[in-house]
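This is what each chain is made of:
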Amino acid sequence: MVRFDSRWAAEVVSNCDPVFAAAGVGFVRSPLSESAPDEPAGSLLWEADPAQFAAKYPESGIVESYGAEQWEGVGCIDFWLHVDAQEEVCRLSVEGWNLPEILVKTTGHGALDGSQVAAAFARILGVRWRR
């Protein structure tokens, strides 16, 4: 089985962070776990500022998805990367646009997988990203 350890996750993050920065909506990433560096990564999370996200991406339908009465209490907009090491696939789950879960086949090579995942996030966010 291919390993998806902390080194792999760090490579994926180094490819994805510039995409989220380019979106310009206040994305912050949850820190990588350092407790078990040889264990497979589980999930990676980037969170956008709701007001900035809604202003830049009104076509995403994010406000409507929550409803006007709940929108004021929204603390962040989540963009998840769930790692399935056994199936060798990453599942991208994002708020807005009412998108289905997006699957990215992985190789276990952080730079290559990171490039593929970053390209998928860049397409969703409509930002320029170079490999």
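Predicted model only: the values in this text are computed from it and were never measured.

Caption draft 1: View of the overall build of the protein chain. Scanning the protein chain from N- to C-terminus turns up five helices and five strands. Reading the protein chain from its N end, one meets helices and strands in the order α-β-β-α-α-α-β-β-β-α. In terms of overall dimensions, the protein chain has C-alpha extents of about 45 × 30 × 25 Å along its principal axes. With 131 residues in all, the protein chain has 42% of them scored as buried. For the protein chain, contacts bridging at least 24 residues in sequence account for 62% of all contacts bridging at least 6. Counting only carbon and sulfur atoms, one obtains 50% of the accessible surface of the protein chain, whose full area is about 7200 Å².

Caption draft 2: Geometry of the confidence of the model for the protein chain. Mean pLDDT over the protein chain: 89, with 91% of residues reaching 70 or higher. Within the protein chain, no element has a lower average pLDDT than helix H4 (residues 68–71), which sits at 91, and none a higher one than helix H2 (residues 50–56), at 97.

Caption draft 3: View of the nonpolar core. Phe27, Trp46, Phe53, Phe79, Leu81, Phe121 and Leu125 are the most contacted members of the largest nonpolar core, which totals 38 residues. Within the residue set of this core, elements represented by two or more residues are helix H1 (6–23), strand E2 (43–48), H2, strand E3 (77–84), strand E4 (89–94) and helix H5 (110–125). Of the residues forming this core, the biggest block, eight residues, is contributed by H1. Setting aside residues up to four positions removed in sequence, Phe121 forms contacts with Cys16, Val19, Phe20, Trp46, Phe79, Trp80, Leu81, Leu92 and Val94.

Caption draft 4: Representation of the pairing of E4. In the sheet, E3 pairs with E4 via six bridges, with the strands oriented antiparallel. By the bridge assignment, Asp84 is partnered in E4 with Val89. Direction of pairing for E4 relative to strand E5 (residues 102–105): antiparallel, over a ladder of four bridges. The partner of Arg91 across the bridge, within E5, is Leu103.

Caption draft 5: Representation of the sheet that holds E3 in the model. Here we have five strands laid out as an open sheet, ordered E1-E2-E3-E4-E5, and antiparallel in their pairing. Across the chains shown, the open sheet's two edge strands, defined by having one partner strand only, are strand E1 (28–29) and E5. Pairing of E2 with E3, which is carried by six bridges, proceeds in the antiparallel orientation. The residue of E3 that forms the bridge with Ser43 is His82. Where H1 meets the sheet, it contacts E1, E2, E3 and E4, and its direction lies at approximately 20° from that of E2.

Calculation notes
Residues numbered from 1 in each chain as written. Predicted model: local features only at pLDDT ≥ 70, side-chain atom pairs only at ≥ 80, totals over all residues. Heavy atoms only, no water. Helix = DSSP H or I, 4+ residues; strand = E, 2+ residues; numbered from the N terminus. Buried < 20%, exposed > 50% of the residue type's maximum accessible area, 1.4 Å probe, protein only. Contact = heavy atoms within 4.5 Å. Areas by Shrake-Rupley, 256 points an atom, 1.4 Å probe, with all protein chains shown as cover. pLDDT = per-residue confidence, 0-100. Core = buried A, V, L, I, M, F, W, Y, C linked by side-chain atoms within 4.5 Å. Pairing = 2+ DSSP bridges. Axes fitted to C-alpha atoms, helices over the stretch in contact; angles between N-to-C directions.

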